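Observations on the model geometry
Each chain, written out:
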Amino acid sequence: MTWTIGAPLTDGGKLDDIVMSRRIVVCVGSGGVGKTTTSAVLALHAAMRGRKVLVLTIDPARRLANSLGVAELDNEERQIPIEQFDAVGLEPKGELWAMMLDMKRSFDRLVDRYSPDAETRQKIYDNRFYQYFSTSLAGTQEYSAMERLHELYEEGDYDLIVLDTPPSGHALDFLEAPRRMADAIENSALQWMYRPSLAARKFGAGLFNIGTTYVLKTISRFTGAEMLTELGSFLSNFRHMFEGFRSRARHVREVLSSDVTSFLIVTSPDPITVDEARFMRRRLAEENIPFGGFVVNRVHRPYLPREELETPASEIAEALSSHGVAVDEVLAQKLLDNAGEFQILADLDAFTLEALRERAGSRVAIQAVPYCSRDIHSLEGLEWVRKSLFG
Ligand SMILES: Nc1ncnc2c1ncn2[C@@H]1O[C@H](COP(=O)(O)OP(=O)(O)O)[C@@H](O)[C@H]1O
Ligand SMILES: [Mg+2]
């Protein structure tokens, strides 16, 4: 099957500049708009153009792994083998690496790296609070992503890291995750829990006031005494690690706010999603985060030139038949109707794009990715999007 590529909907020049000049590109946006796909396409583009790129994804659906043809994509960095590119006739000048962030294992890595000795490490691993904390606490996934980004950036092995963001929750949660995690350390309620005797006195009143739902939820599975022992042990063993959290959180924030980084907001052409995207842009500005532009994904484009929509069905049937495609007039009419409906969608999307352009101002890059009639789950599909985006 062939992938036909039309003319790009927008000029990919600004986006090309970004992926060729930055060290970190972050794709944010509402759920399901195409963040994972866009991240992979941007990484592929930079690799084709000669950079050594890592796409760091958080995609439990494993679509990216399928697209890149690496079944075993996991918590380790893996290079996309050159044979994968050969198979679809691509010759990257650089290298494409990918990694799928596994929240639990990323947190375990932190424990490995920062716990003072093997005994403490084991105590943390065995602790039920830790098990809960590292998998279920809201914001942990975002926090892990930030920690991993920090580590990879510091190691400096890649020219560019493209960060995909988690599928659920608020799109910009992860920006706040390091700060929130660091704040938790200074939360006085947590501080006093380092001292179990004080905690014991307050048990019943104080503990339930701290407002951290993970504690509340976990408590319901323990008896009072068990809970205190377990929590006390978790906090005293984990304390060593808390200390590094704040400084790394501050550093990763600095990097994200600096000009080595660019944030792209991915959106669909749906007006409601576009409103969300504009809201995110304001939030980024409030947070002093460099904004690279909007990527409007799945933009419909017309099937036929508008004037051809008026062609009589009989002529279409005849033309197709002369190309060896047996189509009767009824089917030809259906094809025309379908093309007409596509024209309506294309008009609506063009209208939304234009409105976004007007409101965002002429300096803001707005890149459109066409709607692809097939799901994108192969390197070939990613290359199709890349060509449609960058020309
Ligand atoms: N331009 C496009 N045309 C058609 N399908 C697309 C396009 N971009 C993404 N998709 C498909 O839409 C689904 C959601 O995309 P994904 O990148 O996983 O979104 P997100 O990461 O924002 O949740 C996937 O099945 C993907 O293959
Ligand atoms: Mg995704």
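Residues numbered from 1 in each chain as written. Chains lettered and ligands numbered in written order. Predicted model: local features only at pLDDT ≥ 70, side-chain atom pairs only at ≥ 80, totals over all residues. Heavy atoms only, no water.

A closer look at unusual backbone geometry
Positive phi, close to 60 degrees, is recorded for Asn288, a residue that is not glycine. Its relative accessible area of 59% is what places Asn288 among the exposed residues. (Buried < 20%, exposed > 50% of the residue type's maximum accessible area, 1.4 Å probe, protein only.)

Describing the confidence of the model for the protein
Here the protein shows a mean pLDDT of 81. Residues at 70 or above account for 81%. When the criterion is pLDDT under 50, residues 191–214 qualifies, and its contacts beyond four places in sequence or with other chains add up to 33 contacts. (pLDDT = per-residue confidence, 0-100. Contact = heavy atoms within 4.5 Å.)

What to know about helix 2 (residues 35–48)
If you check helix 2, its first and last C-alpha atoms are 20 Å apart, about what 14 residues at 1.5 Å a residue would give, namely 20 Å. Of all 14 residues in helix 2, 13 are buried; the element is thus mostly enclosed. The first or second residue beyond helix 2 is Gly50, which carries a positive phi of 110 degrees. (Helix = DSSP H or I, 4+ residues; strand = E, 2+ residues; numbered from the N terminus. Expected span 1.5 Å × (residues − 1).)

Here we look at the side chain of Thr165
Locating Thr165 in the fold gives a position in the loop between strand 5 (160–164) and helix 9 (173–186). Its relative accessible area of 3% is what places Thr165 among the buried residues.

Points about the nonpolar core
One finds Leu42, Val53, Leu68, Leu96 and Leu382 to be the most contacted residues of the largest nonpolar core, which totals 41 residues. The element that contributes the greatest number of residues to this core is helix 2, accounting for eight residues. Residues in contact with Leu68, not counting those within four places in the same chain, are Ile80, Gln84, Leu96, Ala98, Leu379 and Leu382. Leu149, Leu172, Leu256 and Leu356 belong to the second largest nonpolar core, which has 38 residues in total. (Core = buried A, V, L, I, M, F, W, Y, C linked by side-chain atoms within 4.5 Å.)

So, helix 5 (residues 103–114)
An α-helical segment advances 3.6 residues per turn. Residues three or four places apart therefore align on the same side. Between its first and last C-alpha, helix 5 extends 17 Å over 12 residues, near the 16 Å set by a 1.5 Å rise per residue. All buried positions along helix 5 are accounted for by Met103, Ser106, Phe107, Asp108, Leu110 and Val111.

Details of the packing of aromatic side chains
On inspection of all chains with the given rule, the structure shows four aromatic pairs. With 6.0 Å between their ring centres and 70 degrees between their planes, Trp97 and Tyr158 make a pair best called edge-to-face. In this pair, Trp97 sits in strand 4 (residues 95–100) while Tyr158 sits in the loop between helix 8 (140–155) and strand 5, placing the two residues 61 residues apart along the sequence. Accessibility assignment for this pair places Trp97 and Tyr158 in one class, buried. Taking the centre distance of 4.6 Å and the plane angle of 45 degrees together, the rings of Tyr303 and Phe342 count as tilted. Of the two residues, Tyr303 is situated in the loop between strand 7 (291–299) and helix 15 (313–322) and Phe342 in helix 16 (residues 329–360); the sequence distance between them amounts to 39 residues. (Phe/Tyr/Trp six-rings, centres within 6.5 Å; stacked < 30°, edge-to-face > 60°.)

Description of a nonpolar patch on the surface
Taken together, the side chains of Ile344, Leu345 and Leu348 define a hydrophobic patch exposed on the protein surface, amounting to about 280 Å² of accessible area. Looking at where Leu348 falls in the secondary structure, it is placed in helix 16. Accessibility expressed as a relative area gives 51% for Leu348, which makes it exposed. (Patch = residues over 30% accessible without salt bridge, like charges linked within 9 Å, V, L, I, M, F, W, Y side chains within 5 Å. Areas by Shrake-Rupley, 256 points an atom, 1.4 Å probe, with all protein chains shown as cover. Salt bridge = Lys/Arg side-chain N within 4 Å of Asp/Glu carboxyl O.)

A word on the sheet that holds strand 1 (residues 24–29)
With respect to topology, eight strands assemble into an open sheet ordered 3-4-2-5-1-6-7-8, the strand pairing being mixed. In this open sheet, the two edge strands, each paired with only one partner strand, are strand 3 (78–79) and strand 8 (366–370). In terms of strand pairing, strand 7 meets strand 8 through five bridges, oriented parallel. Paired with Asn297 across the two strands is Val369, which belongs to strand 8. This element, helix 1 (residues 13–21), spans strand 1, strand 5, strand 6 (261–267), strand 7 and strand 8 of the sheet and lies at about 135 degrees to strand 6. In the packing of helix 14 (residues 271–286) onto the sheet, the strands contacted are strand 1, strand 6 and strand 7, and the crossing angle to strand 6 comes to about 160 degrees. (Pairing = 2+ DSSP bridges. Axes fitted to C-alpha atoms, helices over the stretch in contact; angles between N-to-C directions.)

Side note on the pattern of salt bridges
In total, this model carries 15 salt bridges according to the counting rule given. With a closest N to O distance of 2.9 Å, Asp16 and Arg49 form a salt bridge. Here the residue Asp16 occupies a position in helix 1, and Arg49 occupies one in the loop between helix 2 and strand 2 (52–57), the gap between them amounting to 33 residues. The class of Asp16 is buried, set by a relative accessible area of 16%. The closest approach of N and O atoms between Glu287 and Arg253, which form a salt bridge, is 2.9 Å. Within this pair, whereas Glu287 is found in the loop between helix 14 and strand 7, its partner Arg253 is found in helix 13 (residues 224–257), the two being separated by 34 residues in sequence. Taken as a pair, Glu287 and Arg253 share a single burial class, namely buried. A network of salt bridges, in which partner residues are shared, links Arg109, Arg113, Arg148 and Glu151.

Focus: the pairing of strand 2
Burial runs high along strand 2: five of the six residues are buried. One ladder, built from six bridges, connects strand 2 with strand 4; its direction is parallel. The residue of strand 4 that forms the bridge with Thr57 is Met100. With four bridges joining them, strand 2 and strand 5 adopt parallel strand pairing. When the sheet's bridge partners are listed, Leu56 is paired in strand 5 with Leu163.

Points about the site of ligand 1
The full set close to ligand 1 counts 16 residues, and Lys35, Thr37, Arg63, Arg298 and Asp375 are the nearest of them. In the environment of ligand 1, an oxygen atom lies 3.1 Å from a nitrogen or oxygen atom belonging to the backbone of Gly32. Here a nitrogen atom of ligand 1 and a backbone polar atom of Cys372 are 2.8 Å apart. About the coverage of ligand 1: the protein hides 91% of its 560 Å² of free accessible area. Within the residue set of the shell around ligand 1, elements represented by two or more residues are helix 2, strand 7 and strand 8. Ranked by residues supplied to the shell around ligand 1, first place goes to helix 2 with three residues. When grouped by side-chain class, the residues that make up the shell around ligand 1 number six nonpolar, five polar and five charged. (Near = heavy atom within 4 Å. Polar contact = N/O pair within 3.5 Å; in protein donor to acceptor, adjacent residues only side chain to side chain. Nonpolar A, V, L, I, M, F, W, Y, C, P; charged D, E, K, R; others polar.)

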